[in-house]
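# Observations on the model geometry
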Amino acid sequence: MSEPSDTAPSAALVLGIETSCDETAAAIVSRNAAGEGRILSNIVLSQFDKHAIYGGVVPEIAARAHAESLDLLVKTALDKAGVTLGDLTGIAVATGPGLIGGLVVGATTGKALALATGRPFVAINHLEAHALTVGLTDQVRPPYLMLLVSGGHTQLLLVEGVGQYRRLATTIDDALGEAFDKTAKLLGLPMPGGPAVEKAAANGNGTRFDLPRPMKGRSDPHFSFAGLKTAVRHAAMQSAPLSEQDIADLCASFQAAVCESVADRVRLAMRTGASHFPDAGQRPFVVAGGVAANKALRATLVDVARAHDFSFHAPPFELCGDNGAMIAWAGAERLARDLADPLDAPARPRWPLDAEAPKAIGAGVKA
Ligand code: KG4
Ligand code: ZN
């Protein structure tokens, strides 16, 4: 029997649109009858330069920038994939969580395209799209244990199936990406903070500053990074004025503390969560979200997974940050399960993956 190809009649061809924060993105992804995905185009337009002088993302500027570029980006994604709107099987849009202005721009554009083409509209949870990306890139299928680390979220999740998530842990204050961004800002490094801190850390001594390892050894499963960020601030103030080497050492020390703290939380989840994976040979651990691009963190987590009999998986670097391919793929996975949405599906600035998860003590609204 020949392999099903993604040009077979049962193949899905999905446009994905991402406008939840400061990246405008559109992509075309196919999914064949065997559930294998392929990226036909993936265009990401970053707004960093528009926000840089403000030291953070300005929601109104972000929404306007999405509105200005999204139509052209969609056309470019279609052209690059060599397909037309009429070839599409569905239109998937990240409708939350994120900044409301941007979400509305993406949702309105996607709904208009769905209406014009008569194709189904799929409202995608941005976090679900991060969570499912390894299905597109590495054919990793649920169930798996997942660490989701982005600019707004830090969670350990049990991914039981498409649309089925059990939250095991969350941050009680800052998200990990946010901690990287704030650390970069206080050290005068450029946006986006995560890559800047990682780059500076490469020339630094990670043992020079004795920073806390938040939550390490605690029996409750959650994360916390606000105290670490404050400790970096104090260490920076004590060493001021900072030389380039001081900054590199602070970044390396911060990154080392992050790795140790996250590794401890993941170890706990692997120990307590192992019962969800009765077959020891089949225990995938996945890290995703923007911070999953951090090489030191990835290397740490490879070791943690190996020590606990979990296989390690992460999207390729270019698909860790926000992109349209992950939205299109989540849309294709949902369409394959007849999970389309009505055209009045709302934009949802807050949209937890696990609505049943109890609030973690101390957790801010983002959790
Ligand atoms: O998933 P993402 O692109 O957007 C959100 O959904 O938030 O994640 C963005 C976050 C930012 O905080 C950014 O600084 C961080 O991911 N990030 C990194 C790295 N690359 C991006 N953090 C640490 N090291 C990196 N290499
Ligand atoms: Zn994201």
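Remember, it's a predicted structure, so these values are computed and weren't measured experimentally.

Rules behind the numbers
- Residues numbered from 1 in each chain as written.
- Chains lettered and ligands numbered in written order.
- Predicted model: local features only at pLDDT ≥ 70, side-chain atom pairs only at ≥ 80, totals over all residues.
- Heavy atoms only, no water.
- Donors = N, O, S within 2.8 Å, 3.2 Å for Na, K, Ca; no water.
- Helix = DSSP H or I, 4+ residues; strand = E, 2+ residues; numbered from the N terminus.
- Buried < 20%, exposed > 50% of the residue type's maximum accessible area, 1.4 Å probe, protein only.
- Pairing = 2+ DSSP bridges.
- Right-handed = clockwise from strand over helix to strand, strands pointing away.
- Expected span 1.5 Å × (residues − 1).
- Arc of directions from axis to C-beta.
- Contact = heavy atoms within 4.5 Å.
- Core = buried A, V, L, I, M, F, W, Y, C linked by side-chain atoms within 4.5 Å.
- Phe/Tyr/Trp six-rings, centres within 6.5 Å; stacked < 30°, edge-to-face > 60°.
- Near = heavy atom within 4 Å.
- Polar contact = N/O pair within 3.5 Å; in protein donor to acceptor, adjacent residues only side chain to side chain.
- Areas by Shrake-Rupley, 256 points an atom, 1.4 Å probe, with all protein chains shown as cover.
- Nonpolar A, V, L, I, M, F, W, Y, C, P; charged D, E, K, R; others polar.

### A look at the coordination of the zinc ion (ligand 2)
Donor atoms from the polypeptide that bind the zinc ion (ligand 2) are His126 (NE2), His130 (NE2) and Asp322 (OD), placed at 2.0 to 2.1 Å. Considered as a linear motif, the donors of the zinc ion (ligand 2) on their single chain read H-x3-H-x191-D. With His130 in helix 4 (residues 126-138) and Asp322 in the loop between strand 10 (311-313) and helix 10 (324-335), the pair connects residues that are 192 residues apart, well separated along the chain. Exposure class is identical for His130 and Asp322. Each is buried.

### A short note on the pairing of strand 4 (residues 90-96)
With respect to burial, strand 4 is a largely interior element, seven of its seven residues being buried. Bridge analysis of strand 4 against strand 5 (residues 121-125) gives five bridges, and the strand direction is parallel. Counterpart to Ile91 in the pairing with strand 5 is Phe121. In this fold, strand 4 hands off to helix 3 (residues 100-117), which returns the chain to strand 5; that crossover is right-handed.

### Observations regarding helix 7 (residues 226-239)
Between its first and last C-alpha, helix 7 extends 20 Å over 14 residues, near the 20 Å set by a 1.5 Å rise per residue. All buried positions along helix 7 are accounted for by Leu228, Lys229, Ala231, Val232, Ala235, Ala236 and Ser239. For helix 7, the angular spread of buried residues about the axis comes to 160 degrees, placing them on one side. For helix 7, the exposed residues lying more than 90 degrees away from the buried face are Met237 and Gln238. On the buried face of helix 7, the contacting elements are helix 5 (176-186) and helix 8 (244-273).

### Some remarks on the nonpolar core
Counting 48 residues, the largest nonpolar core has Leu147, Leu176, Phe254, Val262, Val266 and Phe285 as the members making the most contacts within it. Counting residues in each nonpolar core, the second largest holds 34 residues, with Val29, Val122, Met146 and Trp329 among its members.

### Regarding the packing of aromatic side chains
Here a ring pair, both rings aromatic, is described through the centre-centre distance and the interplanar angle of the planes. Considering all chains together, one arrives at four aromatic pairs under this definition. When the ring of Phe180 is compared with that of Phe254, the centres are 5.0 Å apart and the planes differ by 85 degrees; the resulting orientation is edge-to-face. With Phe180 in helix 5 and Phe254 in helix 8, the pair connects residues that are 74 residues apart, well separated along the chain. With respect to class, Phe180 is no different from Phe254; both count as buried. Here the aromatic rings of Phe277 and Phe310 are separated by 5.6 Å at their centres, their planes lie at 75 degrees, and the arrangement is edge-to-face. Linking Phe277 in the loop between helix 8 and strand 9 (284-288) with Phe310 in the loop between helix 9 (295-307) and strand 10, this pair joins segments that are 33 residues apart in sequence. By the burial criterion, Phe277 is buried, and Phe310 matches it.

### Some words on the site of ligand 1
Around ligand 1, the structure places 19 residues, and the nearest of them are Gly151, Asp181, Gly194, Glu198 and Gly290. At 2.7 Å from a nitrogen atom of ligand 1 is found a side-chain nitrogen or oxygen belonging to Glu198. Coverage of ligand 1 by the protein amounts to 85% of the 550 Å² it exposes when considered alone. Tallying contributions element by element places helix 6 (residues 193-201) first for the shell around ligand 1, with four residues. Taken together, the residues that form the shell around ligand 1 break down as four nonpolar, twelve polar and three charged.

Everything listed is a geometric property; what it means functionally is a separate question.
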